[in-house]
Amino acid sequence: MPRQLVVLNNPQATGASCGTGAVAAAPERSATPRWRKRKLRIALVRHHDLCLNTRQISQIQRRAGVLPHLGLGYIHTALQSAGFHNVIQVDTPALGLDGEGLRKLLADFQPDLVGISTTTPGLPGALEAAEAAKSTGAKVILGGPHTEVYAMENLYHESLDYVGVGEGITIMVDLAEALEKGDDPDGIRGLVTRTFDGGAAPMVNLEDVGWPEREGLPMDNYYSIMAPRPFATMISSRGCPFKCSFCFKQAVDKKSMYRSPEDVVGEMTLLRDRYGVREIMFYDDVFTLHRGRVYEICELIRSTGLKVRWEAPTRVDLVPDKLLAAMAGAGCKRLRFGIEHGDSEILQRMNKESNVGKIEKAVTSAFDAGIKGFGYFIVGWLGETRQQLQSTVDLACRLPLDYASFYTATPLPGTQLHKECVAEGAIPADYWDRFVKGEFNVRLNHLVPDAEARARYAYRSFFLRWQMAKPLLGHAATTGQWRNTASGVMSLAKSDNNTDRDF
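Quick caveat, the model's predicted, so the values are computed rather than measured. (Residues numbered from 1 in each chain as written. Predicted model: local features only at pLDDT ≥ 70, side-chain atom pairs only at ≥ 80, totals over all residues. Heavy atoms only, no water.)

Visitor: Could you give me a rundown of the overall build of the protein, with the residues and numbers involved?
Guide: Counting its secondary structure elements, the protein contains 18 helices and 16 strands. A burial count over the protein gives 56% of its 503 residues as buried. Within the protein, residue pairs in contact and separated by at least 24 positions form 77% of the contacts whose partners lie at least 6 positions apart. Here the protein displays about 20,700 Å² of accessible surface, and carbon together with sulfur accounts for 51% of that area. (Helix = DSSP H or I, 4+ residues; strand = E, 2+ residues; numbered from the N terminus. Buried < 20%, exposed > 50% of the residue type's maximum accessible area, 1.4 Å probe, protein only. Contact = heavy atoms within 4.5 Å. Areas by Shrake-Rupley, 256 points an atom, 1.4 Å probe, with all protein chains shown as cover.)

Right under this line is the structure:
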């Protein structure tokens, strides 16, 4: 149901909700020549995640890496196409900047408009960035997945002028044009202000936008424990039709959009030629959702002679043997599988539409085709027993995976898991509402009291096996991540909590 237009003249008012009513219609704007060089100065910012609600244990989180923010790159490209060339991307994790460092950088740049992207758990860092931006006198807009659930509520914070809901690519261009002309931005599709609710901006085809802007980014500072430097990230498709109960989807995520094989391979070629990229990490929702297109991409990679390693995320029910052979022959070195759990009951409650048999077949078939497997798992599910946890650990250890990640279950707002947890009294119904208002000192309750201990136990069980010695050594040799790999393993081995005794 569309949201109701709520007027908030007082930024401290907190009763506004984005869940009911009619969306105000957005008036048409007069066309402006896209070639015009505009003077507005714009900064696009990703800031550190300062929250307590991370799903990852600290030993792994600190060493996993820093990847480019593709969403900001696409917005940058769209702004340039609209004639805005005074645009910078500020990626503080890659630059090693704290809040004060960000403030000084923005004070030097003197932006007119600052766009900040965030998830709900990352909101504290985003608000620190907003305060830094506001100190320079800039207008500030918050966007990203978080704003689909909490739009008007974010305007509780005086450091925010606008909230973008849905497709940030069009919202930022429309807002920049309005500000440059001196127009009232109320009326922009997807923009929420204290006096206007513009609904959600619909998805655009990335192929119509162009490739994400990477010039000016600290490319040498990006790293991943999973990939050799230099590497890059890409998106070849958007959207996911599946309904996993722990996953939050924006309105734009519920439709699927596919880039053409020519456009995908063209960007891959540019990354290799311009940046010397050795590996490309695709961050689609589900890379193999449209199998015919994947076959075409693989064939085009082979026919053009493109030599570059790549990896992608997928589901265990979307990788037939023929497709795996085609992907392996085109340079795919790893598939990231959303396995999630080893217990059939919990898999059903997760709405995963998979089972242990499908999981074992898919990962083993990929391994037989010459493709390594990365498994994502979730532990500490609502009502998870020790036996169910052990089923997950046992499954991870017997699969031919060269890497695994064990997250603790966290019911994000807007998910089915969140609704179930509230209904069962496992978490406070108003936790995320209070979190959005700035109460960040207490983490959301884990769904089982010892969830973090379970995650450490799973990591220790998986990585501290003699069978992992060869994969880890080979992995470190390929990626060059000797220090992170070794320190991560040692950190697990020397954990203050000897979790093996607990299970």
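Picking up where we left off.
Visitor: Lay out the pattern of salt bridges with the relevant residues and their values.
Guide: One pass over the structure, following the stated rule, counts 27 salt bridges. Notably, a salt bridge pairs Asp273 with Arg272, separated by 2.8 Å at the nearest N-O pair. For Glu279, the salt bridge is made with Arg334, and the minimal N-O distance between the two is 4.0 Å. Taken together, the residues Glu279 in strand β12 (residues 279–282) and Arg334 in strand β14 (residues 332–340) connect sequence positions 55 residues apart. Judged on exposure class, the residue Glu279 and its partner Arg334 are both buried. A single network of salt bridges, built from pairs that share partners, joins Glu279, Arg309, Glu311, Arg334, Arg336 and Asp402. (Salt bridge = Lys/Arg side-chain N within 4 Å of Asp/Glu carboxyl O.)

Visitor: Requested: an account of the nonpolar core, with residues and values cited.
Guide: Core analysis: the biggest nonpolar cluster contains 69 residues, and Met268, Trp310 and Met327 have the highest contact counts within it. Looking at this core, the element that brings in the most residues is helix α16 (residues 451–463), giving six residues. Each residue touching Met327, except ones within four places of it in the same chain, is listed here: Phe287, Thr288, Val294, Cys298, Trp310, Cys332, Leu335 and Ile371. Residues Ala133, Tyr150, Ala151 and Val163 belong to the second largest nonpolar core, which totals 43 residues. (Core = buried A, V, L, I, M, F, W, Y, C linked by side-chain atoms within 4.5 Å.)

Visitor: Which residues make up unusual backbone geometry, and what are the values?
Guide: Here the bond from Arg229 into Pro230 is cis, since omega is -15°, no more than 30 degrees from zero. Notably, Glu340 is not glycine yet its phi reads approximately 75°, a positive angle. In this structure, Glu340 sits in strand β14.

Visitor: Account for the state of the cysteines, naming residues and giving values.
Guide: A complete count under the given rule lists zero disulfides for this structure. Sulfur of Cys244: no disulfide; nearest cysteine sulfur belongs to Cys247 and is 6.4 Å away. Judged by relative accessible area, Cys244 falls into the buried class, the value being 12%. No disulfide involves Cys332; its sulfur sits 7.6 Å from the nearest other cysteine sulfur, which is in Cys298. A relative accessible area of 1% means that Cys332 is categorised as buried. (Disulfide = S-S within 2.5 Å.)

Visitor: Please give an account of the confidence of the model for the protein that cites residues and values.
Guide: Chain-level pLDDT for the protein is 87 on average; 87% of the residues reach the 70-or-more range. Contacts for the low-pLDDT stretch residues 1–32, under 50 throughout, to residues beyond four places or in other chains number 77 contacts. Low pLDDT (under 50) marks residues 496–502, which in the prediction has nine contacts with non-local residues, meaning those over four places away or in another chain. (pLDDT = per-residue confidence, 0-100.)

Visitor: Can you explain the sheet that holds strand β16 (residues 403–408)? Please cite residues and give values.
Guide: What holds strands together in a sheet is hydrogen bonding between their backbones, with the strands either parallel or antiparallel. Pairing is parallel across the open sheet formed by six strands, whose spatial order is β9-β12-β13-β14-β15-β16. With partners counted over all chains shown, the strands left at the sheet margins are β9 (231–234) and β16, one partner each. Sheet twist, expressed as the average angle between the axes of neighbouring strands with direction ignored, equals 20°. As defined by bridge partners, β14 adjoins strand β15 (residues 372–379) across six bridges and the pair is classed as parallel. Counted as the bridge partner of Glu340 is Phe377 from β15. (Pairing = 2+ DSSP bridges. Axes fitted to C-alpha atoms, helices over the stretch in contact; angles between N-to-C directions.)

Visitor: Go over the environment of Arg41, please, and point to the residues and values.
Guide: Assignment of secondary structure puts Arg41 in the segment before β1 (42–46). C-alpha of Arg41 to C-alpha of Phe109: the two residues are 68 residues apart in sequence and 8.1 Å apart in space. Ignoring anything within four residues of it in the chain, the contact list for Arg41 reads Asn86, Phe109, Gln110, Pro111, Asp112 and Leu113. Within the structure, the side chain of Arg41 is placed 2.9 Å from the backbone oxygen of Phe109, a separation counted as a polar contact. (Polar contact = N/O pair within 3.5 Å; in protein donor to acceptor, adjacent residues only side chain to side chain.)

Visitor: Go over the sheet that holds strand β4 (residues 113–117) with me, naming the residues and quoting the values.
Guide: Spatially, the six strands line up as an open sheet ordered β3-β1-β4-β5-β6-β7, and their pairing is mixed. Edge positions in the sheet fall to β3 (87–91) and β7 (191–192), since each has one partner strand and no second. As paired elements, β1 and β3 share five bridges and run parallel to each other. Residue pairing across strands places Ile42 opposite Val87, the latter belonging to β3.

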